[in-house]
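Structure assessment
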Amino acid sequence: MRTVVLASLRHQLRRYVAAGLAIAIAVAFVVAVNAMSAAAREGATAEVAAQYRGADVVLTGDLADASALERRAADVPGVESVAVNRSSYTEVGLGGAPTTRPVGSVAADPALRWQRLSVGAFPRGPTDALVSADAARDAGLAVGDRVTAQGLGGTGRFTVTGLVDDATGPLSASVYLPEDVLAATDGNAFATSLVLHTAAGDASSVATALRSSLGDDGAVVVQTADDFLADQRSQATQGVDVFQNLVLAFAALAAFVGVLVIANTFTILLAQRARDFALLRCVGSLRRQLVRGVVAEAAVLALVASLLGAVAGYALAFAGVALLDATSPLTTGTPSIGVGSVAVPVLAAVLVTVAACVVPARRVARQTPLAALQPQVEPAARSRAGVLRIVSALVVGGTGVGALLLGAAAPSLLVAMAGGMLSFVGVVLLGPVLVPALVRLVGPLFRTAGVPGRIAVQNAVRNPRRTASTTLALLVGVTLVTTVVVGTASVKSSVGSVLDDAAPVDLALTSTTGALPGGVAREVGGTDGVGRSAELAGAQVEVGGTSVRLLGVGDDARQVAHGGSTLVGLRPGTVVLPSQVASDAGVADGARVEVVGPDGRPESLTVRIDDGVGAVGWVTARDLRAVAGDDVAPSAVWVRADDDADAQATTAAIGALAARADLDVSGGLPQRAGVLGVLDTMLLVTVGLLAVSVLIALVGVGNTMSLSVLERLRETSLLRALGLERRRLRRTIALESLLMSVVATVLGVGLGVLYAWCGVRAVSAGVLGGVSVPWLQLAGIVVVAAVAGLVASVLPARRAARVSPAAGLVAD
């Protein structure tokens, strides 16, 4: 049998290429993920070590009284210097609208400073600051510019003395201030760790002495730097491990699609080789020998393809790390793989391939030599096997759909997930009946293409099981891509509504004490990235004895805003106040309050509390005139950014303009861009990972077409002999491939929209709105799948067209 196996591999090599390619892609995916994860772990641990260089002993835990601990540590023999790593999250202004950013500390002792200067010098006084290179680049900052940090350093104003390399470790921040500045700030900063620099070789003894001094209550953890870094490395790589496991789940999906492709390949190949097996049976081969021979072929194919895939995956990991280094601030190491990282996916590929070929091999081996020489007939729907398949599909699928809808209504994510999986299993079982029915439904559109279209439709429904298996591989990928795309669009739409309520205006420039300087509104309107702007009149009034700037909101202001519920629902007789102003005035939401204008006239209005647009109040333009009369002046400019505007650049430009005019800046543009940007990134990464599965599925479509061309070689040659031109033969094969791709895509899009709706409802417990269908993106999925189906047919069509009618008619 060994001779037969080797001869078969040589003879059938071309037919095994697609299955081998599917195996190689799946293995390359897994190896690349493992190698890149190793590089990410190395980078993460290197970043942690760099942030504690110079430290010999580290104190963590309960550091509420860090200053007292610092003094006690400094008195321990062998300690040469002490520093407290402090952090704060506060409103930081980097030349634009203040946003919440992390602020870190710079040690006074150069031996304990971990930041790497790229430009400038370390702080020399309490009003100096360092800024990360990434934050400085986004804000257009340079050495000598001013930044603000609310609640820190007295005035909260600092001069940039240097820029430091970007960092991603636990101590990283956007702005770094002198350690003493953060230490003197009550309530706005907290200690994260206390580091000690000791004399050479004294780290262990100092740590022991500190533990004895502090007691054994465990509130403060004292470790040598080596022990601390070991713990930190473990924590730092947990995120990498989680991401790796998540990506490997997509690899498992790719492997599942590969199993479908491999099983379909062997089913077709073994059916085509039925005569060969019959002859082997006639000359004495046993059934188990035939099965072992096929399994040996599959094992050799999988081993060779997976080893090639492992090499390709390792090379791909280097390319991926190079891309990360060039496009992101993440610190990465060198991709590396252990024996297990290669052996496991290779072994899994071999086992999966062997498992995929066993069923078709046993099916062929069970046939008698005489039966193997007869044409093979698919079980009809009315046969026992067909009826059992349909009944099983309806029971499983119906149960799944019920659970899916129940999970969406309950809501329960686990129930919805179980229902989704069961319903998809039902679709898979129903495939040999459902897919041909859909092909016949779509068939009239293809028959308009003439003879090639009619032949393509007949070929697609001739072997229902093969067509269903081919489309199933593509169906899995398209369904998941659609689910992710529609789900993300729905979440973005719902999150956008939440952001509209929280911050209805992208950017607002407000004068809280008087009129706007002349020309500000015109200058704002001409700023790059500004789509529309509106100037609002305002007046200084008193609410419950508290002075506040009150703006009049008209139709032009509503058109600029995104439409927060309070802004859209603003009615005459209502005054909207920030929560701090309402608290100072002693009024609650829904209460009536006297608003006193500049001329002393009171106006009774109903209070609504909303912090959406800075520290000012708003009323309708008519109510403002009723309260303030003629004592109104331009007081604010509201901005609506272009949809494609660079949020950071636009915010920085408006912030710089506001700083020159001494105006307050507020608004939700940075937060909106950040949240929606994260969702876009998640969508891009997820679809990119799913693309591997879709690629393998398309390999399967091309493989099925290639094998079908070989199987129907006599038929196509006869058609050629009867007058079918080469170009029409190529068109026939292309239309058949396109037909299967379109059916799988349309069915996948429909299932994906259903799963997305149920998933969004189950995850959000009904808080988020309904499904937001991105029609343009869904149309793109259909077009891409159709084009990919056409591309998959190019080589099979060319191969079929090159065979002369005479040669094809005598082919075996």
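As shown above, the structure is provided for reference.
Presented here is an overview of the structure given in this document. Just so we're clear, the structure is a prediction, and the values are computed from it rather than from any experiment.

In this section: the overall build of the chain. Counting its regular elements, the chain contains 29 helices and 19 strands. When burial is assessed residue by residue, the chain has 48% of its 812 residues classed as buried. Put simply, the chain shows about 36,700 Å² of open surface, and 60% of that area lies on carbon and sulfur atoms.

So, on to the pattern of salt bridges. As enumerated under the stated definition, the model contains 4 salt bridges in all. Of the charged contacts, one joins R558 and D555 as a salt bridge, the two residues approaching to 3.9 Å between their closest N and O atoms. A residue pair is termed a helical-turn pair when its members lie 3 or 4 positions apart in one helix, as R558 and D555 do in helix α19 (residues 555-560) at 3 residues. R608 is the salt-bridge partner of D589, the closest N and O atoms lying 3.9 Å from each other. Of this pair, D589 sits in the loop between α21 (579-585) and β15 (592-596) while R608 is found in strand β16 (residues 602-609), placing the two residues 19 residues apart along the sequence. Judged by its relative accessible area of 47%, D589 is partly exposed. A residue is classified by how much of its surface remains accessible, and R608, at 36% relative accessible area, is partly exposed.

For the structure shown, the criterion picks out 4 aromatic pairs. Summarising the aromatic geometry, the rings of W114 and Y176 are spaced 5.6 Å apart at their centres and angled 85° between planes, so their arrangement reads as edge-to-face. Linking W114 in the loop between β3 (99-106) and β4 (117-120) with Y176 in strand β8 (residues 175-178), this pair joins segments that are 62 residues apart in sequence. With respect to class, W114 is no different from Y176; both count as buried. Relative to F318, the ring of Y314 lies with its centre 5.1 Å away and its plane at 75°, an arrangement referred to as edge-to-face. Pair noted here: Y314 and F318 are both in helix α10 (residues 287-327), with a separation of 4 residues, about one helical turn. R113 extends its terminal NZ or CZ atom over the ring of F122, reaching a point 4.7 Å from the ring centre.

Attention shifts here to empty space enclosed by the protein. Scanning the entire structure with this criterion turns up 7 cavities of 30 Å³ or more. The volume enclosed by the largest cavity comes to roughly 80 Å³. Taken together, V427, V428, G431, L434, V435, A468, T471, L472, L475, V743, A744 and L747 make up the lining of the largest cavity. Breaking the lining of the largest cavity down by element, the ones donating at least two residues are α14 (413-429), α15 (431-447), α17 (464-502) and α26 (726-764). Per-element accounting of the lining of the largest cavity gives the leading share, 4 residues, to α17. Of the residues that constitute the lining of the largest cavity, the class distribution is 10 nonpolar, 2 polar and no charged.

Scoring rules and cut-offs
- Residues numbered from 1 in each chain as written.
- Predicted model: local features only at pLDDT ≥ 70, side-chain atom pairs only at ≥ 80, totals over all residues.
- Heavy atoms only, no water.
- Helix = DSSP H or I, 4+ residues; strand = E, 2+ residues; numbered from the N terminus.
- Buried < 20%, exposed > 50% of the residue type's maximum accessible area, 1.4 Å probe, protein only.
- Areas by Shrake-Rupley, 256 points an atom, 1.4 Å probe, with all protein chains shown as cover.
- Salt bridge = Lys/Arg side-chain N within 4 Å of Asp/Glu carboxyl O.
- Phe/Tyr/Trp six-rings, centres within 6.5 Å; stacked < 30°, edge-to-face > 60°.
- Lys NZ or Arg CZ within 6 Å of the ring centre and 35° of its normal.
- 1 Å grid on protein atoms, 1.4 Å probe; cavity = no way out; pocket = protein on both sides within 12 Å on 5 of 7 lines; lining within 4 Å.
- Points joined across faces, edges and corners; volume = space filled by probe spheres on them.
- Nonpolar A, V, L, I, M, F, W, Y, C, P; charged D, E, K, R; others polar.

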